[in-house]
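Descriptive structure summary
In case you want the letters, here they are:
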Amino acid sequence: MKITLILLLTITLISQGYGDSLDFCSLSCKGRCGEPYNASNDCQCDSKCQENGDCCDDYKKQCGCRVSVRVSDDEIKSVSETLYKLDHNRATASELVIDPQTLISSSETGSGNDHSSRPFFKQVSSTLLSKPTYKALLNLLDNYRRVTGEAEDVPSQEVKEQDTFLQQTMNTDVGKELYNFLYSKGIYSSQSEFIQDLKMMWFGLYSRSSGKLDSSGFEHIFAGEIKKGKVSGFHNWLQFYLNENQGLLNYYSHSFNGPWTTYPDVLGMQFEWDGYFKEVGSAFIGSSPEFDLAIYSLCYITRPGKKCYVSLGGKTMGIQTYTWDNSSYGNGKKYIASAYPATP
């Protein structure tokens, strides 16, 4: 009887908030994001809690963090190698034929001299371009005003094209593998949450100039922009092909060619885009749209604003990502500003 009474009394006291053992405020990050470390709290919500392994369970939900320290360098290399092997929609040698021509030194990249008399692309198969993710990407590339400072208009049709692109990528083995990996690490709790976050980080608008909503990570990386009289971003081979085929892009040379003998390869290229020069535009060549989106997203989510090392066909490649720190979405999450293969 005494034991029963003591137990009931203990439950009553806890339910009324007495005692330190169940201080619910200190078990949640609600209203505590970014607060200084406090040893008396049961769990932490400071910027170092992931590194120290003492975050509250709802830290990601409440503080909108990008979970990076939970994923090791070896895990990134392992999953990137898997993504590389699962890229069934990559170009084959018969579907894509390129003509890199002149290789220049890194000291010559700013000269602006045209060292190549022929186009970069010799042949691109229509069969390749008709694949669902390729078609979805091509539909997006004409949606943007390339000059920074000109506000973007996003009608409902373009929003549908964004949704179609993301859904098509998620229908591939590459998209499924990336989600399954991030889900296994506790970064996302559902595929719908993952897709919504991809949509915000890639297509959410922010201002690069004059305070106007004139840019997004997708526009900068996949479509390319013009800023201060120069090409900015532009790291996608399909956009390169599309503009070269239309006579809007003139290939000059390349200063880096990766060690891969099959697609995807990586090149650092010099070119003129409708009168504007790009000193080094590094890009995967022959990769599928879902692979580009997946490999950049993997690195941005796990190593935001840092160089991320991936493994492709047994060879290591650095991916540099940048966050857009001037604005945010959700619970303080940052838009992606840039991502590209970090050539030497």
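Data block above holds the structure.
So, here is what we can say about the structure in this document.

Quick notes on the rules
- Residues numbered from 1 in each chain as written.
- Predicted model: local features only at pLDDT ≥ 70, side-chain atom pairs only at ≥ 80, totals over all residues.
- Heavy atoms only, no water.
- Core = buried A, V, L, I, M, F, W, Y, C linked by side-chain atoms within 4.5 Å.
- Buried < 20%, exposed > 50% of the residue type's maximum accessible area, 1.4 Å probe, protein only.
- Contact = heavy atoms within 4.5 Å.
- Pairing = 2+ DSSP bridges.
- Helix = DSSP H or I, 4+ residues; strand = E, 2+ residues; numbered from the N terminus.
- Axes fitted to C-alpha atoms, helices over the stretch in contact; angles between N-to-C directions.
- Salt bridge = Lys/Arg side-chain N within 4 Å of Asp/Glu carboxyl O.

Concerning the nonpolar core
Ranked by internal contacts, the top residues of the largest apolar core, which has 80 residues, are W202 and F218. Dropping the residues within four chain positions of it, F218 is found in contact with L137, L140, L141, Y144, F165, W202, F203 and A223. The next biggest cluster of nonpolar side chains, apart from the first, holds eight residues, and it includes C29, C55, C56 and Y59.

Some remarks on the sheet that holds strand 10 (residues 333–341)
Here we have three strands laid out as an open sheet, ordered 8-9-10, and antiparallel in their pairing. Each edge of the sheet is formed by a strand with only one pairing partner; in this case those strands are strand 8 (307–312) and strand 10. In this sheet, adjacent strand axes meet at a mean angle of 35 degrees when their direction is disregarded. As defined by bridge partners, strand 8 adjoins strand 9 (residues 315–329) across six bridges and the pair is classed as antiparallel. Opposite Y309, over in strand 9, you have G318 as the bridge partner.

A look at the pattern of salt bridges
Across all of its chains, the model carries seven salt bridges by this definition. Put simply, D197 and K333 hold a salt bridge, and the shortest N to O gap is 3.4 Å. Placement of D197 in helix 9 (residues 191–203) and of K333 in strand 10 is noted, with a sequence separation of 136 residues between them. Judged by relative accessible area, K333 falls into the buried class, the value being 15%.

Things to note about unusual backbone geometry
Most peptide bonds are trans, and most residues other than glycine sit at a negative phi. Cis geometry marks the peptide bond from Y263 to P264, where omega comes out at 0 degrees. You can see P264 is positioned in the loop between strand 5 (249–257) and strand 6 (265–273). Even without a glycine there, the phi angle at K228 is positive, about 55 degrees. By secondary structure assignment, the location of K228 is in the loop between strand 3 (225–227) and strand 4 (230–232). Although it is not a glycine, D274 sits at a positive phi angle of roughly 50 degrees. Structurally, D274 can be placed in the loop between strand 6 and strand 7 (276–285).

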